[in-house]
Amino acid sequence: MIQLNLGVTCRDRWNFLWGPTILIFLISFIFFVYLFIKIPLIHDGDSYYHLAVARLYVQQGFVDQLGWARFSAMNSGFGDKEFLFHVLLMPFVRWLPSELGGKLALALLNALTAAVIANLSIRSIGKWGVFVPVWVFGTSAAFTLRMSRLRPEILSLLILMAATWAASQKRYRWVMVLAALYALSYTAVHVFIGLCVGWFIVIWWIEKRWEWRLPMYATIGAVIGLVVHPHFPSNLNIWVIQNIDFFFLKNHLGVGNEIQPSSITTIISLNLGWLLGLVIFWRSTTKNHVHSKTTGTELLFLINALAF
C-alpha cells in the first residue's frame, strides 16, 4: 500500500512538474535552433570573441596568455573571467563550424533558461506557470535581446536561479557548489555573495533565524572557484581591473556607452508588455490571501529583482 502511494506520488510529480519542464525545453530548443539558423549572424561581436576563445582552448589548451592582445593586461596573464563558459562552448567548436556551433549553443542556453523559468514558475503558481517563459521571452524586448547574444550572462542567470531555489530550500551545500561554478563562469562573483548576504538578512528579519551557513558556504564556494581556476592568480588581477580600477578610471577614459543607465523611456518601451503583465498578475491576485511568515522562494527572488 505504501509502495502504491509512493508510485502515484512520483507519477503525479512527474506529470505536474518534470513532464512540462522537459516539454518546454524541447519545444524551446527546436524553436531557437530554427530561429538562430535563419539569422545570418549571431547578434553582438562579443559572441564571436567567446567562440574564438573556446576554439583557442581546443587547439592549444587552457593558455594563460593572449599574444595578440599586446596592449592589454590579458597579454601576459589572460585570467579568463568566463572560463567555464568557454569550456562549455568547446564541444560546439571542436566538431562543428564555429558559427553553427555557436548558434546551437545559444539555442541550448535559451532552452535551458526557458525550462528553468517554467520549472520554478510551476512550483510557485501551479500549472499556469508553464506559460511564464512565453510571457517573459515574448514581452520583454530587453530580455530577449540579451538572450540573442552568446554571452556568459546567460550562464550566470541559470546559476543564480538555481542558487536562489537551493537557498530557499536550505540546501546550502548546493549553494557552495554553485558559488564555485559561478566564480569559474562569470566575473561578478561578488554579486553572488552579495545576494546571499541579502537573503541572510531577509531570513533573519522575517523569521529571526541566523542562517549563517548561507553566506559562509557561498563565500567558501566562491574562494574555491577562484583558487582552482587554471589561470590563478591572473584571474584575480583581471577581477580587480574590471570591478575596482574600472570604476575609478571610467570618468577619465573613454569606456563607451555600455555602462550608462538607460532612460525611463527606453526601459518602458522595451518592456511595456512585460510591465502590463505584472499589473495584470497583481490585479488578479485575491485580496484575502494569508501572509506567510516564512521566506519562500518568491521572496528571495524579490531580493534579486530589487538588487538588479
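One numbering rule holds for all chains: residues counted from 1, following each sequence as written. Since the coordinates come from a predicted model, pLDDT governs what is reported: local features require at least 70, and pairs of side-chain atoms require 80 or more to be given and counted, while whole-chain, interface and lining totals use all residues. To get the side-chain values, take all heavy atoms of the structure and skip hydrogens and water.

(A) Just the overall build of the protein, in detail. Numbered from the N terminus, helices here are DSSP runs of H or I no shorter than four residues, and strands are runs of E no shorter than two. Of the regular secondary structure elements, the protein holds 13 helices and zero strands. From first element to last, N terminus to C terminus, the protein shows the α and β order α-α-α-α-α-α-α-α-α-α-α-α-α. Relative to its length of 308 residues, the protein is compact, with a C-alpha radius of gyration of 21 Å against a globular reference of 19 Å. Projected onto its principal axes, the C-alpha coordinates of the protein cover approximately 65 × 50 × 50 Å. A contact between two residues is defined here by any heavy atoms of the two lying within 4.5 Å. Summarising the internal contacts of the protein: among those between residues at least 6 apart in sequence, 73% fall at separations of at least 24. All accessible-area figures derive from a Shrake-Rupley calculation using a 1.4 Å probe, and residue coverage is judged against the displayed protein chains alone. Accessible surface, the protein as shown: approximately 18200 Å² in total, 69% of it carbon and sulfur. His is not counted, nor are the chain ends, whereas Lys and Arg count as positive and Asp and Glu as negative. Each charge is placed at NZ for Lys, CZ for Arg, CG for Asp and CD for Glu. Separation between the mean location of the 23 positive side-chain charges and that of the 13 negative ones in the protein comes to 9 Å. Note that the radius of gyration is over C-alpha atoms, with the globule rule given as 2.2 Å times the number of residues to the power 0.38.

(B) Layout of unusual backbone geometry. Of the consecutive residues F232 and P233, the connecting peptide bond is found in the cis state with omega at 5°. Mapped onto the elements, P233 comes out in the loop between α10 (213-228) and α11 (234-249). At K170, a residue that is not glycine, the phi angle is positive and equals roughly 60°. Mapped onto the elements of the fold, K170 is located in the loop between α7 (153-168) and α8 (172-185).

(C) Spatial organisation of α10. If you check α10, its first and last C-alpha atoms are 22 Å apart, about what 16 residues at 1.5 Å a residue would give, namely 22 Å. When a residue's accessible area, from a 1.4 Å probe over protein chains only, is under 20% of the maximum for its type it is buried; when over 50% it is exposed; and in between it is partly exposed. The complete set of buried residues in α10 reads L214, P215, Y217, A218, G221, A222 and G225. In an axial view of α10, the angular spread of the buried residues amounts to 165°, which keeps them on one side of the axis. On its buried face, α10 is in contact with α7, α8 and α9 (189-207). By this rule, a helix spans an expected 1.5 Å times one less than how many residues it contains. Relevant arc is that of directions from the helix axis to the C-beta atoms, nothing else.

(D) A look at the packing of α8 against α9. Orientation is described by axes fitted as lines to C-alpha atoms, over the contacting stretch for helices, and by angles from 0 to 180 degrees between their N-to-C directions. Put simply, α8 and α9 touch, their axes get as near as 9 Å, and they point 155° apart. Judged by the angle between their axes, α8 and α9 are roughly antiparallel. In terms of crossing hand, the pair formed by α8 and α9 is right-handed. On α9, the residues that touch V175, L178, A179, Y182 and A183 of α8 are V189, F192 and C196. Note that Gly is not counted as nonpolar here; it falls among the polar residues with everything else outside the nonpolar set of Ala, Val, Leu, Ile, Met, Phe, Trp, Tyr, Cys and Pro and the charged set of Asp, Glu, Lys and Arg. Of the residues assigned to the contact of α8 with α9, the class counts are eight nonpolar, no polar and no charged. Note on angle classes: values under 35 degrees are labelled roughly parallel, values over 145 roughly antiparallel, values of 65 to 115 roughly perpendicular, and the remainder oblique. By convention, the crossing between two helices is left-handed when the near helix turns anticlockwise from the far helix through less than a right angle, and right-handed when the turn is clockwise.

(E) Main features of the pattern of salt bridges. Should a side-chain nitrogen of Lys or Arg be within 4 Å of a carboxyl oxygen of Asp or Glu, the pair is scored as a salt bridge. One pass over the structure, following the stated rule, counts nine salt bridges. Through salt bridges with shared partners, a single network forms among D44, D46, R146, R149, R151 and E153.

(F) Structural context of the nonpolar core. Formed by 67 residues in total, the largest nonpolar core has its most connected members in L150, V175, F192, W199 and L214. Not counting residues within four places of it along the chain, the set of residues in contact with F192 comprises I159, L160, A163, V175, L178, A179, Y182 and A218. Each nonpolar core is a collection of buried residues, namely Ala, Val, Leu, Ile, Met, Phe, Trp, Tyr and Cys, held together in the definition by side-chain atoms within 4.5 Å.

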